[in-house]
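Residue-level structure breakdown
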Amino acid sequence: MTREELVNRLKALSKQVYSNMTVTPEEAVQYDELTKFPELKKVIVDLLTPEYDSFLASIDWVAPRPTTFRINLQNSQMFYLIYGKRSWIAQIEGKKYYLLNLPEEERAAQSIANILRYGAKEEEGTEGGGIETELPGAEPSPPAEETPPAETPEA
């Protein structure tokens, strides 16, 4: 092998290695926070699998200290990822999961799966907006009947 062949081969291998490490332009445009915070991508992949793009609507950088991100899902639900001193913390539906512990990471992933099952939020003013709820097993209340106004005697 000549020197020129070796140099050409090293250039080809270095291009191949660096192309695998770069972020795709579509991902950089869609999720700017993932390019600024590469650790965030690893956490999202751990919680949502590498197919996370199918479930995410956007990522918002909410607070600088502690570094907090709002993860907006396609179904208008959201959860927070907070960078703590030791590890990431997922706050889902008010509960905090410390992602350093594997059982808590699994519970966080299950909670995210639960909120993904909820579906899209219904907007106010749509059908079902004025539905009254009743307790199970309780008798339904009778509909309110209109009574005629009391007649006053004429004097």
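In this report, we go over the structure that sits alongside the text. (Residues numbered from 1 in each chain as written. Predicted model: local features only at pLDDT ≥ 70, side-chain atom pairs only at ≥ 80, totals over all residues. Heavy atoms only, no water.)

What about the environment of asparagine 75?
This is how the line gets drawn: Secondary structure elements are taken from DSSP: a helix is a run of H or I of four residues or more, a strand is a run of E of two residues or more, and numbering for both begins at the N terminus. Three exposure classes are used, based on accessible area relative to the maximum for each residue type with a 1.4 Å probe and protein chains only: buried under 20%, partly exposed in between, and exposed over 50%. N or O atoms closer than or at 3.5 Å make up a polar contact, with two conditions inside protein: a donor-capable atom paired with an acceptor-capable one, and, for residues adjacent in sequence, both atoms drawn from side chains.
If you trace the backbone, asparagine 75 turns up in the loop between β2 (68-73) and β3 (78-83). Judged by relative accessible area, which is 8%, asparagine 75 ranks as buried. Within the local environment of asparagine 75, its side chain forms a polar contact with the backbone oxygen of leucine 116, the two atoms lying 3.4 Å apart.

What about the packing of helix α4 (residues 38-48) against helix α5 (residues 102-117)?
Stated formally: Axis lines are fitted through C-alpha atoms, for helices just across the contact stretch, and the angle between N-to-C directions can take any value from 0 to 180 degrees. Working definition: roughly parallel below 35 degrees, roughly antiparallel above 145 degrees, roughly perpendicular at 65 to 115 degrees, and oblique for all remaining angles. Residue contacts are defined here by distance: any two heavy atoms, one from each residue, within 4.5 Å place the two residues in contact.
Between α4 and α5, the least distance of the axes is 8 Å, while the angle of their chain directions is 70°. Looking at the two axes, α4 sits roughly perpendicular to α5. Counting all contacts with α4, which are made through Asp46, Leu47 and Leu48, the residues of α5 involved are Glu105, Ala108, Ala109, Ile112 and Leu116.

A look at the sheet that holds strand β4 (residues 88-92)
Just so we agree on the cut-off: Two strands make a pair as long as DSSP finds a minimum of two bridges between them.
Taken in spatial order, the five strands make up an open sheet running β1-β2-β3-β4-β5, and their pairing is antiparallel. Two strands bound the open sheet, and with one partner strand each, they are β1 (56-63) and β5 (95-98). Neighbouring strand axes in the sheet, compared pairwise and without regard to direction, differ in orientation by 25° on average. As paired elements, β3 and β4 share four bridges and run antiparallel to each other. Bridge pairing in β4 links tyrosine 80 to glutamine 91. Contacts from α4 reach β1, β2, β3 and β4 within the one sheet, and its direction differs from that of β3 by about 135°. Strand contacts of α5: β2, β3, β4 and β5, with the helix running at about 140° to β5, the strand carrying the most contacts.

What about α4?
Where we set the bar: Throughout, the arc means that of the directions going from the helix axis to the C-beta atoms.
Regarding α4, the residues found buried are Leu40, Val43, Ile44, Leu47 and Leu48. For α4, the buried positions fall inside an angular range of 110° around the axis, keeping them on one side. Within α4, the exposed residues directed more than 90 degrees away from the buried face are Pro38 and Lys42. At its buried positions, α4 is contacted by α3 (32-36), β1, β2, β3, β4 and α5. Threonine 49 occupies a position one or two residues after α4 and carries a positive phi of about 75°.

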